[in-house]
Each structure stands twice: as structure tokens, then as C-alpha cells.
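Inside the fold
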Amino acid sequence: MGKIVVPRTKNRSRTRRSNTRVIAKRIVLAVEGRVTERKYFDKLRQEPFNYPLTFAPRDWDRTEPEEILNDLVRYRSQQERSRRKIDEYWIVFDHDDTKDHELKQVFKRAKKEKICVADSNPCFEVWLFQHFSPVQKFKGFAGDAASKGCSRVISELKRQFDKHYDKNKYNVSRRFM
């Protein structure tokens, strides 16, 4: 059998085109909680989401927003010295009993340091609850989760999610995500 030869033309490019690939941002998180928040964000790092999230090492005994910010600033400077390219740095914390003027200082300093802030008011469970329904639509919150406190959010999670809900042992995959 003979060999088939396809002649080249002047207009035909010899370079192969590949599909365009978008590279996701590399994000470092400094979270307040050792268990609840990490479990949630760990799920986002897995299939099918595959978000490029990394956790900054933290002193878990220090849970005030200012302390979390300090830990993240220290970690960022280490990364910069090692020339690791990180696109975004985020701190994640609850309002808890933090005073308004302290929160304002954290937000102001984070902005100056170019660090993003994700705060939950009053507790991280508000994030979990949002997988079922916007908090604003939940009767008793009057558009503000803090009006009844974290216990109200947790009781609703138990009702809708799992009557045995425990913030340290919840199943991230169940019924949401």
C-alpha cells in the first residue's frame, strides 16, 4: 500500500493550538476555628470544586481577629521572602464578642495590608445555614443573624440539616455543596 501525503499550503500554520487554560488564583486562608471552618474549606479544596486554598499556620490559642490578622501578616512575609506567589490572602473570623471599634481597626489594617476579610456575624454556622436558605428570609432574624445569636442559627441547622448537628463533627457533604 502506498503512503498518503498531504501537501502543505502556505496558509496552514505548523503550530498546534491548545485549549485555553485559566489558572485559578492561589489563596491563603487564616481561619479562626481549628475544626468547623477548616472542615468547610477543606471540602472546597476537593472534587468537584478544587479551589486552590491553603491554610496559613496559626497559633490556635489566639482567636481574636487582630491576632488572626497578625498571624497572616507574619506568614505572608515568610512567603514573600521565599518568593512564593500567592494571589490573595484572607482572614476568616466570627464577630463573637469583639467590640465594634476593634473590628473597625481590623478592617482598616486588613485593607492597608491588602488582605481580604470574611467575617461572619455572629458565628461561622451562618455560612453553613446559607446553603439552605438566605439568612434574611429566616423568620426571627429580621435580616440580621445577630438578632438571636448563634444559638438560633444552630437550632435551625439542627432542624434542617441534622438533628444531631455538632459544630465539630458535622458532615460537610450532607445536603449541601
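Above this note sits the structure.
Figured I'd write up the structure that's included with this text. (Residues numbered from 1 in each chain as written. Predicted model: local features only at pLDDT ≥ 70, side-chain atom pairs only at ≥ 80, totals over all residues. Heavy atoms only, no water.)

**As for the pattern of salt bridges**
Keep this limit in mind: Salt bridge criterion: a side-chain nitrogen from Lys or Arg within 4 Å of a carboxyl oxygen from Asp or Glu. Runs of E in the DSSP output that reach at least two residues are strands. Runs of H or I that reach at least four are helices, and both are numbered from the N terminus. Working definition: with a 1.4 Å probe on protein chains only, accessible area under 20% of the residue-type maximum means buried, over 50% means exposed, and in between means partly exposed.
A full pass over the atoms with the stated rule returns nine salt bridges. Here Asp42 ties to Arg45 by a salt bridge, and the two come within 3.5 Å at their closest N and O atoms. Taken together, the residues Asp42 and Arg45, both in helix α1 (residues 36-45) and three residues apart, mark about one turn of the helix. Linking Arg109 and Glu66 is a salt bridge whose minimum nitrogen-to-oxygen distance equals 2.9 Å. With Arg109 in helix α3 (residues 100-113) and Glu66 in helix α2 (residues 65-81), this pair connects stretches of sequence that are 43 residues apart. Taking relative accessible area as the criterion, Arg109 reaches 23% and is therefore assigned partly exposed. Shared partners join several salt bridges into a network, and the residues in it are Glu66, Arg76, Glu80, Arg109 and Glu113.

**Let's talk about the sheet that holds strand β3 (residues 88-94)**
Rules: We call two strands paired when DSSP finds no fewer than two bridges between them. For helices, the axis comes from a line fit to the C-alpha atoms of the stretch in contact; other axes are also lines fit to C-alpha atoms, and the angle between any two N-to-C directions lies between 0 and 180 degrees. Any two residues whose heavy atoms approach within 4.5 Å at even a single point are treated as in contact.
On the basis of which strands lie adjacent, the open sheet formed by four strands has the order β2-β1-β3-β4 and parallel pairing. Of all the strands in the sheet, just β2 (53-55) and β4 (116-120) have a single pairing partner and so form its edges. The mean inter-strand angle of the sheet, taken between neighbouring strand axes irrespective of direction, is 25°. Where strand β1 (residues 27-31) and β2 come together, three bridges link them in parallel fashion. Across the sheet, Val28 pairs through a bridge with Thr54, a residue of β2. This element, α2, spans β1, β2 and β3 of the sheet and lies at about 160° to β3. Strands β3 and β4 of the sheet are contacted by α3, whose axis makes an angle of about 170° with β3.

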